[in-house]
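Structural description and commentary
What follows is each chain in one-letter form.
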Amino acid sequence: MTSSGSLRDLYSSPSSSWSFIPPQPNSSSATATSSSIPKHEWSTRHHTSPVFDLSPSFPLERDGINVDLGAVLKGLLASELVQYTGTALVMPWAVGKILLQIQWIPRDAESLESDGGRVVEEDELSDDSSDVPYFHDPASSMPSRYHPPKPRLADGEGYIARLSVSEEDTRPEYVMPIGKTKGVWGMIQKVARWKNEGWLALWKGLLTSYLTNTASLVVQPLIQDTILLLFPSYPTSPPPFLVPFASHVLTGILLSPLDLVRTRLIAQSSLPRHRTYTGPLNALSEILQHEGGLPGVYLHPHLLIPAALHNAARPFVNLALPSLLATRLGVNEDSHPAVWAVTELTAGCLSSLITTPIETVRRRLQVQTRGTGKFKACVETRPRPYHGVVDTVWRIVTEERSDIPISSRKTRGKSKERVRESTLEVVDEGWVTFGGVGQLYHGLSMNIGAVLVASILAAVVGGQEAESGWAEL
């Protein structure tokens, strides 16, 4: 009998229980399968990308040298933080010194030079009818107590011109009254206590000062290395201090616009309605726009000559005197450390004595605008401009006095002519006080004190680390 094509005979009933045991393959096939599948092993290698690895240390191997970029960046950040903190610590003394240097104190405080102006009658500026009765018979004579006011000079905007720096009624609200100040510390207290300035005003120009110091530390070595590359025979031909001296002078002239901006920011008023500049960038932009651009900032004789003199005097004395002593007497830092330290201290004090008058002249010319620029200082400044370095020195010595204590009081009289008069209490009439010689040396004691402290730190700590922290002071 032939078999049918039905699958009925091949059917088997399914098992009622579930089995989770997989079938066991043959040993040979299992070995081949396990060897063909790669095993994953977790790696202990750290990511070197700073995006995924937030740790500050990731080494970079280059030319066989393992460079830790994280440590380098961390050290650079710490160095800049120390530099910024040091600048902030000495900033109040810098503000006090600059304000003292630019403050104009005339020898005769009761008279004030004027640029001229039209004569304005008092009636044009005030309509006070308290002195004359409203109902008055024209046929009758004027009351005997009525006296016509004296005409006063007015400026171009119609305001009454000041006749004395001691007049309180005509003094602008953003200008601090002049008076007795005991050096830089006295000016610091005066700025802090005055209502229109305050304690925060002692840190005006902090960012610009920090940028100037940092740029000077970076640019000066670059210029010195460039000079050495241009003149490879330097160690044998010129004097040993010539290249460092030239690099310091060129660095000071190159960064002179930053120093100009720094002086303007410190000297301007803290009142927003009388503030000339809103920040360093705005100050630089306004100066370039209204005072002759880059040629006016770099090449104007009122800025170039004082900058060259100021940046040349200090390094010349500090570098030339020790080098001269080492050449003539055979003294150096290794063989005679005590004599070398005294020499450096003497050079620092001598450089302060020479550079302080130059710095004062430079500050006076920096707050003086050129072209169409306008600037309002928070201290008294000379109404008429100076005409160069020599003219500035001559005007300070002949027209000013070093200190003039002023006590103001109101005069008795009509309310229409209320003007504060000043009584001068002159304590010392010596040539230093009555003359303007002392005006040229504001900040000298502070500079010498900084030199003494730097010398002591250099003797105790040693090296450039002690001197670098007192660079701004």
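Within any chain, residue numbers begin from 1 and follow the written order of that chain's sequence. Since the coordinates come from a predicted model, pLDDT governs what is reported: local features require at least 70, and pairs of side-chain atoms require 80 or more to be given and counted, while whole-chain, interface and lining totals use all residues. Derived side-chain values reflect all non-hydrogen atoms in the structure, with water molecules and hydrogen atoms excluded from consideration.

1. Side note on the overall build of the protein
Numbering of helices and strands runs from the N terminus; a helix is a DSSP stretch of H or I covering at least four residues, while a strand is a stretch of E covering at least two. Helix and strand counts for the protein stand at 16 helices and 6 strands. The buried label applies to any residue whose accessible area, calculated with a 1.4 Å probe on protein chains only, is under 20% of its type's maximum; exposed applies above 50%, and partly exposed to all values in between. A burial count over the protein gives 37% of its 473 residues as buried. Residue contacts follow a heavy-atom distance rule, with two residues in contact if any of their heavy atoms lie within 4.5 Å. In the protein, 72% of the contacts between residues at least 6 apart in sequence involve partners at least 24 apart. To be clear on the numbers: accessible area is Shrake-Rupley with a 1.4 Å probe, and residue cover counts the displayed protein chains and nothing else. Working note: accessible area of the protein is about 29400 Å², and carbon and sulfur atoms make up 62% of it.

2. A short note on the pattern of salt bridges
Within this document, salt bridges are pairs made up of a side-chain nitrogen of Lys or Arg and a carboxyl oxygen of Asp or Glu, the two lying within 4 Å of each other. Summed over the entire model, instances satisfying the criterion amount to 13 salt bridges. Among the ionic pairs, Arg273 bridges to Glu173, the shortest N-O distance being 2.9 Å. With Arg273 in the loop between helix 7 (256-267) and helix 8 (280-290) and Glu173 in the loop between strand 4 (152-154) and helix 4 (183-193), this residue pair connects regions lying 100 residues apart in the sequence. For Arg273, a relative accessible area of 59% translates into the label exposed. Among the ionic pairs, Arg363 bridges to Glu359, the shortest N-O distance being 3.4 Å. Note that Arg363 and Glu359 are positioned in helix 11 (residues 337-366) at a spacing of 4 residues, about one turn of the helix. Of the residues examined, Glu359 reaches a relative accessible area of 5% and is grouped as buried. Through salt bridges with shared partners, a single network forms among Lys97, Asp259, Arg262, Glu359, Arg362 and Arg363.

3. Some details on the side chain of Thr343
Within the secondary structure, Thr343 is located in helix 11. Once residues lying within four places of it in the same chain are set aside, the contact partners of Thr343 are Leu321, Pro322 and Leu325.

4. Observations concerning empty space enclosed by the protein
Whether a set of points on the 1 Å grid over the protein atoms alone is a cavity depends on a 1.4 Å probe fitting there but being unable to get out, while an open set qualifies as a pocket with protein on both sides within 12 Å along at least five of seven lines; lining residues are those with an atom within 4 Å of a point. Grid points are joined across faces, edges and corners, and a volume is the space filled by probe spheres set on the points. Using the criterion set out here, one finds 2 cavities of 30 Å³ or more in the structure. There is about 50 Å³ of room inside the largest cavity. Contributing to the lining of the largest cavity are Ser256, Pro257, Leu260, Val297, Leu303, Ala307, Arg362 and Gln366. Here the lining of the largest cavity gets 3 residues from one element, more than from any other, and that element is helix 7. Under the scheme applied, nonpolar residues are Ala, Val, Leu, Ile, Met, Phe, Trp, Tyr, Cys and Pro; charged residues are Asp, Glu, Lys and Arg; polar residues are all the others, including Gly. By residue class, the composition of the lining of the largest cavity is 5 nonpolar, 2 polar and 1 charged.

5. Remarks on the packing of aromatic side chains
When the centres of two rings from Phe, Tyr and Trp lie within 6.5 Å, Trp using its six-membered ring, the rings pair. Their planes under 30 degrees apart give stacked, over 60 give edge-to-face, and anything left gives tilted. Under the criterion given, the structure shown has 4 aromatic pairs. Note on Tyr277 and Phe375: the rings are 6.0 Å apart at their centroids and 20° apart in plane angle, and the pair reads as stacked. Residue Tyr277 is located in the loop between helix 7 and helix 8, and its partner Phe375 is located in the loop between helix 11 and helix 12 (389-399); the two are separated by 98 residues in the primary sequence. When sorted by exposure, Tyr277 lands in the same class as Phe375, which is buried. The ring centre of Phe375 lies 5.4 Å from the NZ or CZ of Arg264, which sits over that ring. For a ring to carry a charge above it, either NZ of a lysine or CZ of an arginine must fall within 6 Å of the ring centroid while also lying within 35 degrees of the normal to the ring plane.

6. Details of the packing of helix 11 against helix 12
To define axes, lines are fitted to C-alpha atoms, for helices over the stretch in contact only, and angles between the resulting N-to-C directions are given on a 0 to 180 degree scale. Closest axis-to-axis distance for the helix 11/helix 12 pair is 10 Å, and the angle between their directions is 105°. Classified by the angle between their axes, helix 11 and helix 12 sit roughly perpendicular to one another. Facing helix 11, whose interface residues are Thr360, Val361, Arg364 and Leu365, helix 12 presents Val389, Thr392, Val393 and Ile396. Grouping the amino acids of the contact of helix 11 with helix 12 by side-chain chemistry returns 5 nonpolar, 2 polar and 1 charged. In these notes the angle categories are as follows: under 35 degrees is roughly parallel, over 145 is roughly antiparallel, 65 to 115 is roughly perpendicular, and the rest is oblique.

7. Here's the deal with the nonpolar core
Core analysis: the biggest nonpolar cluster contains 33 residues, and Leu99, Ile102, Met176 and Val191 have the highest contact counts within it. Elements represented by at least two residues in this core include exactly helix 2 (69-102), helix 4, helix 7 and helix 8. Other than its neighbours up to four places away in sequence, Val191 contacts Leu99, Met176, Glu197, Gly198, Ala201 and Leu202. Listed in part, the 9 residues of the second largest apolar core include Trp104, Ile105, Ile396 and Leu440. Buried Ala, Val, Leu, Ile, Met, Phe, Trp, Tyr and Cys residues form a nonpolar core when they are joined through side-chain atoms within 4.5 Å.

8. Here's the deal with a nonpolar patch on the surface
Patches here are clusters of residues that have more than 30% relative accessible area and form no salt bridge, with a 9 Å joining cutoff for like charges and a 5 Å cutoff for nonpolar side chains (Val, Leu, Ile, Met, Phe, Trp, Tyr). A cluster of nonpolar side chains, contributed by Tyr84, Leu207 and Leu211, occupies part of the molecular surface with about 260 Å² of accessible area. If you trace the backbone, Leu207 turns up in helix 5 (residues 206-230).

9. A short note on helix 2
Expected helix span is computed as 1.5 Å times (number of residues minus one). If you check helix 2, its first and last C-alpha atoms are 46 Å apart, about what 34 residues at 1.5 Å a residue would give, namely 50 Å. The angle between axes fitted to the seven residues ending at a residue and the seven residues starting there is what we call the bend at that residue. By the largest-angle criterion, Val90 marks the main kink of helix 2, which is about 45°, and a proline, Pro92, follows within four residues.

10. A look at the environment of Leu299
Inspection of the secondary structure assignment puts Leu299 in helix 9 (residues 293-299). For the pair formed by Leu299 and Ile253, sequence separation is 46 residues and the distance between their alpha carbons is 9.9 Å. Setting aside its immediate chain neighbours within four residues, Leu299 contacts Leu294 and Leu304.

11. Comments concerning the packing of helix 2 against helix 7
Running from N to C, helix 2 and helix 7 cross one another at 85°; their axes reach a closest spacing of 10 Å. Relative to helix 7, the element helix 2 is oriented roughly perpendicular. Together, Met91, Ala94, Val95, Ile98, Leu99 and Ile102 of helix 2 and Arg262, Thr263, Ile266 and Ala267 of helix 7 make up the contact between the two elements. For the contact of helix 2 with helix 7, the per-class residue count stands at 8 nonpolar, 1 polar and 1 charged.

12. Observations concerning the environment of Asn332
Within the fold, Asn332 resides in the loop between helix 10 (301-329) and helix 11. Overall, Asn332 belongs to the partly exposed group, its relative accessible area being 35%. Asn332 sits 10 residues away from Pro322 along the chain, and the two C-alpha atoms are 8.4 Å apart. Residues within four places of Asn332 in sequence aside, it is in contact with Pro337 and Trp340.

13. Looking at the side chain of Thr212
Position of Thr212 among the secondary structure elements: in helix 5. Judged by its relative accessible area of 13%, Thr212 is buried. Discounting chain neighbours no more than four positions away, the residues touching Thr212 are Leu255 and Leu258.

14. Brief notes about the confidence of the model for the protein
For the protein, mean pLDDT is 75; residues scoring 70 or higher make up 63% of the total. Taking the mean pLDDT of every element in the protein, the minimum, 40, falls on strand 6 (residues 420-424) and the maximum, 96, on helix 7. One confidence number per residue, pLDDT, is output by the predictor and ranges from 0 to 100. Note on residues 42-58: pLDDT is under 50 here. Beyond four places in sequence and across chains, it has 12 contacts. Long-range and interchain partners of residues 464-473, a stretch whose pLDDT sits below 50, account for 17 contacts in this model, where long-range means more than four residues apart.

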